[in-house]
Amino acid sequence: MIGQIIFGILVGVSLKVLYDIDYYQHVAHVGTFHDCKYLELDMPGPEDFQFYKNNIILIGSGNFGDLFYKEITQLEINGVFAIIDSHLDNFTVKRLNIIGFPQNTSLHIHGIDIVVKPDGDKLFVVNHAFKYGGERIEVFEILPNLDLKYTHSIIGDQKYNGGLNDLVVMSPTRFLVTMYQPETNSHDGRAKDTLFTKLSIMFSYLFKIKRTFLLDCQYSLGENSIVIPQCKIVPTSWTVVANGMTWDGKDRFWVADSLLQEVLEFKLVNNEVVHTKNLKIGFGLDNVVYHKENDSLYLGMITRLYEFFDLERFNQQNYLRRDTNIDYWSTLGIYDLKRERLRVVAQSNEFSKGTSTWLENGNNAFIGSWGDISVQVCKKN
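Worth saying up front: this structure is predicted, and the values here are computed from it rather than measured.

Visitor: It is not clear to me how the sheet that holds strand 26 (residues 376–380) should be interpreted in this structure. Could you clarify?
Guide: Working definition: the strands of a sheet are paired by backbone hydrogen bonds and lie parallel or antiparallel to each other. The four strands are arranged 1-26-25-24 in an open sheet whose pairing can be described as antiparallel. Each edge of the sheet is formed by a strand with only one pairing partner; in this case those strands are strand 1 (33–38) and strand 24 (355–361). The mean angle between the axes of side-by-side strands here comes to 25°, regardless of whether they run parallel or antiparallel. Relative to strand 25 (residues 364–369), strand 24 runs antiparallel, the two being bridged by six bridges. Within the sheet, the bridge partner assigned to asparagine 361 lies in strand 25 and is asparagine 364.

Shown next as C-alpha cells:
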C-alpha cells in the first residue's frame, strides 16, 4: 500500500514537471515575419538591446553560451554594437569603440539601460566579470560619434555574483536591478558551482519557490572610478525568476518572471517602489521592453521551457553557429497595458536560438538571444 502511494506521488510529480516545462505544449507557426537572417557581424550573446535615438539600436554582447556553461580560462572583453538607420532596409551595423575601459576586467554584458540627458547620454550595462572583476555595472558616456567613454564602475555585493540581470536607471544616483539567481555563483564561473548550489537552484525552479527579487540601489559619485552602492531588497518583489525589466521613465516598472509566466508591475509611491499587480502572460519570459508610443510591453518569450533546458545542455559542449540545426521555438509578443491583453506577433522555430528580446522598426524586426552568435533580422509581412 505504501509502495503504491509513493509510486502514485512520483507519477503525479513527474506529470506536473512535464506540464510545467511545456512538454505537452502545442506549437504552430505564426507567420508575420519572414526572410530571417543573422547579421554578418559576430556579437555572441546579444541578450539585450534598446533604442537610443535617431533610429539607432544599441546592443550588448555577453557570450553567455561560453560564460555560463564552460570553464572560464581567460579574460574576455565583449563589445557594444549599434544598428544605425534601423528603420531602413539598408541599415548599417558597427562595433563601437570603447575608450578607457580597464584592461584587467572582463566585459560580459547582460541587461542594459540608456539614459539621455542634456548634460550627456549614458549607457549602463550589467557585467558578469566573475574572476576578472566580479559582479558589476559599467557606465559609459555615449559620445556624438557613438564612441563609448568609460566613466565608472558600480561594484555589486559579491553575494550577487553571476545573478544580476537587468536594470533601469531612475536618476544619476539611483537604479533598480533584478537578481534572477536564487544562489550565488562561484567566483570562477557557473561551471565551477558546487553540487549544492546547482541542486538548490534546480529545487527552487522545480517547486517555484520565490527566492529572487528586485534591488533598489543608491550611490554617490566622487572622483574615484569605483563606486559602492547601498542596495536594499524591494520587500514586495520576491518572485521565482526576476528576469528582464523596464519602465515608462516616470513611475511604472515591470519585471518579467520566466517561470511564473507573469510580468510583475510596480509603482513609485512616495519615492518607494511598490508591487501593484501581476500580468498573466502564459509563456516563459525573458526580456521586456516598454514602448511609450502604444503603452505596451514587447516580450521575448520561451515557447517550450524544456527546449530552453536542452539548449543549455547543448551549450555545455558546443557552440551556436549560424547554421546550427536544433529545434527551438520562440514566441514574440506585445502586451497592451490598457487592455491587459497579449498579442502573439510571431512564433517560429526559425528564430534565433534562445530568443530573449526583440524590437521592430520600419519593415525590420530585430531578435536577440542570450546564447546565439548574432542578432537576427526578419522582414515584416
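The structure having been displayed, the exposition proceeds.
Visitor: Even after reading the chapter, I still don't get the packing of aromatic side chains, so can you show me in this structure?
Guide: Geometry of an aromatic ring pair is reported as the spacing of the ring centres plus the angle between the planes. The final tally for this structure, using the stated rule, is 18 aromatic pairs. For the pair phenylalanine 64 and phenylalanine 68, a centre-to-centre distance of 4.9 Å together with 15° between the ring planes defines the contact as stacked. Each member of the pair phenylalanine 64 and phenylalanine 68 is classed as buried. Look at phenylalanine 91 and phenylalanine 366: their rings are 5.4 Å apart centre to centre, the planes differ by 75°, and that puts the pair in the edge-to-face class. In this pair, phenylalanine 91 sits in the loop between strand 4 (80–84) and strand 5 (92–95) while phenylalanine 366 sits in strand 25, placing the two residues 275 residues apart along the sequence. Taken as a pair, phenylalanine 91 and phenylalanine 366 share a single burial class, namely buried. Of the aromatic side chains, those joined through ring pairs into one cluster are Phe64, Phe68, Tyr69, Phe308, Phe309 and Trp370. Sitting over the face of the ring of phenylalanine 68, arginine 190 holds its NZ or CZ atom 3.6 Å from the ring centroid.

Visitor: Please explain the environment of threonine 276 as it appears in this structure.
Guide: Along the polypeptide, threonine 276 turns up in strand 19 (residues 272–280). Along the backbone, threonine 276 and leucine 264 are 12 residues apart, and their C-alpha atoms lie at a distance of 7.9 Å. Residues within four places of threonine 276 in sequence aside, it is in contact with Glu265, Phe266 and Lys267.

Visitor: How should I be thinking about the environment of phenylalanine 68 in this particular structure?
Guide: Structurally, phenylalanine 68 is set in the loop between helix 2 (64–67) and strand 4. Expressed as a C-alpha distance, the spacing of phenylalanine 68 and isoleucine 228, which sit 160 residues apart in the sequence, is 25 Å. Once you skip the residues sitting within four places of it in the chain, phenylalanine 68 turns out to touch His110, His128, Phe130, Tyr180, Arg190 and Ala191.

Visitor: Could you clarify how one ought to interpret the sheet that holds strand 23 (residues 341–348) in this entry?
Guide: Ordered in space as 20-21-22-23, the four strands form an open sheet in which the pairing is antiparallel. In this open sheet, the two strands that pair with only one neighbour each are strand 20 (284–291) and strand 23. Sheet twist, expressed as the mean angle between neighbouring strand axes with direction ignored, is 20°.

Visitor: Quick question: what am I supposed to make of empty space enclosed by the protein here?
Guide: Once rolled over the atoms, a probe with the size of a water molecule shows which space is left empty. Throughout the structure, instances matching the rule amount to two cavities of 30 Å³ or more. Size it by volume and the largest cavity reaches roughly 60 Å³. Gly156, Leu164, Phe175, Pro229 and Cys231 are the residues nearest the centre of the largest cavity, which is lined by 13 residues in total. When residues of the lining of the largest cavity are traced back to their parent elements, those giving at least two are strand 10 (148–155), strand 12 (174–179) and strand 13 (213–218). Taken together, the residues that form the lining of the largest cavity break down as 11 nonpolar, one polar and one charged. Considering only enclosed or pocket space, the second largest cavity measures out at about 40 Å³ in volume. What lines the second largest cavity is Asp216, Lys232, Ile233, Val234, Pro235, Glu272 and Val273. In terms of residue class, the lining of the second largest cavity is made up of four nonpolar, no polar and three charged.

Conventions adopted
- Residues numbered from 1 in each chain as written.
- Predicted model: local features only at pLDDT ≥ 70, side-chain atom pairs only at ≥ 80, totals over all residues.
- Heavy atoms only, no water.
- Pairing = 2+ DSSP bridges.
- Helix = DSSP H or I, 4+ residues; strand = E, 2+ residues; numbered from the N terminus.
- Axes fitted to C-alpha atoms, helices over the stretch in contact; angles between N-to-C directions.
- Phe/Tyr/Trp six-rings, centres within 6.5 Å; stacked < 30°, edge-to-face > 60°.
- Buried < 20%, exposed > 50% of the residue type's maximum accessible area, 1.4 Å probe, protein only.
- Lys NZ or Arg CZ within 6 Å of the ring centre and 35° of its normal.
- Contact = heavy atoms within 4.5 Å.
- 1 Å grid on protein atoms, 1.4 Å probe; cavity = no way out; pocket = protein on both sides within 12 Å on 5 of 7 lines; lining within 4 Å.
- Points joined across faces, edges and corners; volume = space filled by probe spheres on them.
- Nonpolar A, V, L, I, M, F, W, Y, C, P; charged D, E, K, R; others polar.

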